[in-house]
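This is what each chain is made of:
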Amino acid sequence: MAFGVLNSVTGNTAFLAAAGNNFSAAVDIMFYINLALIFCALIETTAFAVLCKKTSCAVVAGLVSVLLFVFGLIVFIVQLVLYSYGHRGTVYAVYMCLAFLACGFIAGGVYCCILSRNSHAALCYFTCAFQLVPPVGAALAVLLSYRIGKDTRVQEMVFNGYAYTYAALGSFCQKNSAVFADNSGEEYFEPLSVKQIKRKLKSLKARSTLSAENMYEYASALINYRPYKYKKALRAMERAAEKNYSPALFNLGYYYERGLYEKKDYKKARDYYVKAVASGDDDAALRLGIIALEKGEAQDGMRVLDERAAKGDLCAKFDIGICYERGLGVAADMDRALDIYTECAQAGLFAAQKRIFALASTDINSAQNGEFFRKVTDRKFDGGFADMIDGLICIKKRLAADASEKFLSAILKRDKWEGVARCLVGTLYIDCGKLPQDKKNGAEYIKSAFDMLPSAHEIYSVVPRSILKIRSGKSDKPQAD
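Residues numbered from 1 in each chain as written. Predicted model: local features only at pLDDT ≥ 70, side-chain atom pairs only at ≥ 80, totals over all residues. Heavy atoms only, no water.

**Some details on unusual backbone geometry**
Unusually for a residue other than glycine, Tyr261 sits at a positive phi of about 70 degrees. Following the sequence through the fold, Tyr261 ends up in the loop between α12 (246-258) and α13 (266-278). Not every positive phi belongs to a glycine, and Arg414 is a case in point at roughly 55 degrees. Looking at the element boundaries, Arg414 is found in the loop between α21 (400-413) and α22 (418-432). (Helix = DSSP H or I, 4+ residues; strand = E, 2+ residues; numbered from the N terminus.)

**Observations regarding the packing of α21 against α22**
Each packed pair of helices is defined by two parameters, the angle between the axes and the distance between the axes. Relative to each other, α21 and α22 sit at 155 degrees, their axes nearing to 8 Å. The orientation of α21 with respect to α22, classified from their angle, is roughly antiparallel. In the crossing of α21 with α22, the sense of the turn from one axis to the other is left-handed. Residue-level inspection shows Ala400, Ala403, Ser404, Phe407, Leu408, Ala410 and Ile411 of α21 in contact with α22, the latter providing Glu418, Ala421, Arg422, Leu424, Val425, Leu428, Tyr429 and Cys432. Tallied by class, the residues present in the contact of α21 with α22 amount to twelve nonpolar, one polar and two charged. (Axes fitted to C-alpha atoms, helices over the stretch in contact; angles between N-to-C directions. Parallel < 35°, antiparallel > 145°, perpendicular 65-115°, else oblique. Left-handed = near helix turned anticlockwise from the far one by under 90°. Contact = heavy atoms within 4.5 Å. Nonpolar A, V, L, I, M, F, W, Y, C, P; charged D, E, K, R; others polar.)

**Here's the deal with a positive patch on the surface**
There is a patch of like positive charges on the surface, built from Lys205, Lys229, Lys231, Lys232, Arg235, Arg239 and Lys243. Mapped onto the elements of the fold, Lys232 is located in helix α11 (residues 230-242). Residue classification places Lys232 among the partly exposed residues on the basis of a relative accessible area of 31%. (Patch = residues over 30% accessible without salt bridge, like charges linked within 9 Å, V, L, I, M, F, W, Y side chains within 5 Å. Areas by Shrake-Rupley, 256 points an atom, 1.4 Å probe, with all protein chains shown as cover. Salt bridge = Lys/Arg side-chain N within 4 Å of Asp/Glu carboxyl O. Lys, Arg positive; Asp, Glu negative; His and termini not counted. Charge placed at Lys NZ, Arg CZ, Asp CG, Glu CD. Buried < 20%, exposed > 50% of the residue type's maximum accessible area, 1.4 Å probe, protein only.)

**Considerations on the packing of aromatic side chains**
As enumerated under the stated definition, the model contains 18 aromatic pairs in all. Aromatic side chains Phe172 and Phe357 sit 5.1 Å apart centroid to centroid with 80 degrees between the ring planes, which places their arrangement in the edge-to-face category. One end of the pair, Phe172, is in helix α8 (residues 164-175); the other, Phe357, is in helix α18 (residues 350-363), with 185 residues separating them in the sequence. Exposure class is identical for Phe172 and Phe357. Each is buried. Each member of the aromatic cluster is reached from another via a ring pair, and the members are Phe172, Phe350, Phe357, Phe381, Phe385 and Trp417. Seen from the ring of Tyr272, Lys275 lies directly overhead, with NZ or CZ sitting 5.9 Å from the centre. (Phe/Tyr/Trp six-rings, centres within 6.5 Å; stacked < 30°, edge-to-face > 60°. Lys NZ or Arg CZ within 6 Å of the ring centre and 35° of its normal.)

**Remarks on a nonpolar patch on the surface**
Judged by side-chain polarity, Leu67, Val70, Phe71, Ile74 and Val78 come together as a nonpolar surface patch covering roughly 410 Å² of accessible area. For Leu67, the location among the structural elements is in helix α3 (residues 59-84). When its relative accessible area of 48% is taken as the criterion, Leu67 is described as partly exposed.

**A look at the nonpolar core**
Of all hydrophobic cores here, the largest spans 72 residues; its most connected members are Phe357, Met388 and Phe407. The dominant element in this core, judged by the number of residues it contributes, is α22, at eight residues. Residues in contact with Phe357, not counting those within four places in the same chain, are Leu169, Phe172, Phe385, Met388, Ile389, Leu392, Trp417, Val420 and Leu424. Core analysis: the next-biggest nonpolar cluster, separate from the first, contains 30 residues, Ile197, Leu222, Ala241 and Phe250 among them. (Core = buried A, V, L, I, M, F, W, Y, C linked by side-chain atoms within 4.5 Å.)

Treat this as a map of the structure, not an account of what it does.
This is the structure:
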């Protein structure tokens, strides 16, 4: 028995030695091929690591590719050592390294192919195809890592497997967190084509020299339609402020307070707000109280809010609710905050309604906190907002068809909630519709909200093309369970 084993081992050793001699030329060639491939693999590893960090789509495939390249690098180092000493095990290391690198390039191709649903589909497909030609594939992978932008919150949620409805609600919550409000409201800018924007900005720029108001209008339009030119817009806004135009003074103060377009600077914000108050802007006085609270000057901040709330300023009362929610100047008390929000919402303050809706939406997909959801939604409201809250209750109960009916009712009210309602009807159609046309209708509903809800663009951008290309048919409501 022992002699048999010994003979077997001896025979295998002889075979391996012969194999090493027979494949020595092939090993030399493959060694240098691996040397070239490892450089391409290192470039792609960096590019895919960047892409995995920026996007949520197909991250697993990207990480698998990176991992295979790392294993290939480790085996290459082993191969390098063995080759240097002429060890007969080099042949195994060479082919193992090649196998890891080949699998890495294949996984990278799969990653790029799946990543095409994010954006830049043509570039993704080219990068996938040229994984067969590693130098070109590596160059395209680097280009892809530059071209694809970081995922929005909506894209993260959808690509990670969440329903479109939850993604839309998550986006709403993110944009309506516990921040202070004032009476200035948001400026409305109509959606325009590229040519219309160019024509409008040219016209406003030509008139900007006529008055501080015209200069302010040009700056506001520029920062809205061409946000990447914010420095030019700020210069125009500052020129309007130099002429003591109160809206320009207020806006600059707000930018410095919130860190928008400028580095956060409470001192400069205060200076602009003080000038705005002197120019007759009441909202600037409220913002001064808010800055005091944010900087820990609780007594001064609460005094301003209390004085304005006593005069019937709903925004000041709402801001007191924010203080109770965040524990600024007062002990944190969520129940008290909800009572204040409810009072303001019932009086018609849209900021309070949005905060209540955001609080309910935050808890809608939580199995542990149902009591808080009921505490928020058991309050009585009127109009479109009542329909919106009822719709959330239906979503919580997984009654998609009933929820869509509630949101459709809110749409018919034609109030400030119409845009959000249209978007949610659309996401419910996509999530729960059983017919292809239901999903197509859902995408159309989301698109119809563009003019009323900026975040609708984010939701629409991640709707699969297969849905958008469905031929039109007739379907009045989603066939959902």
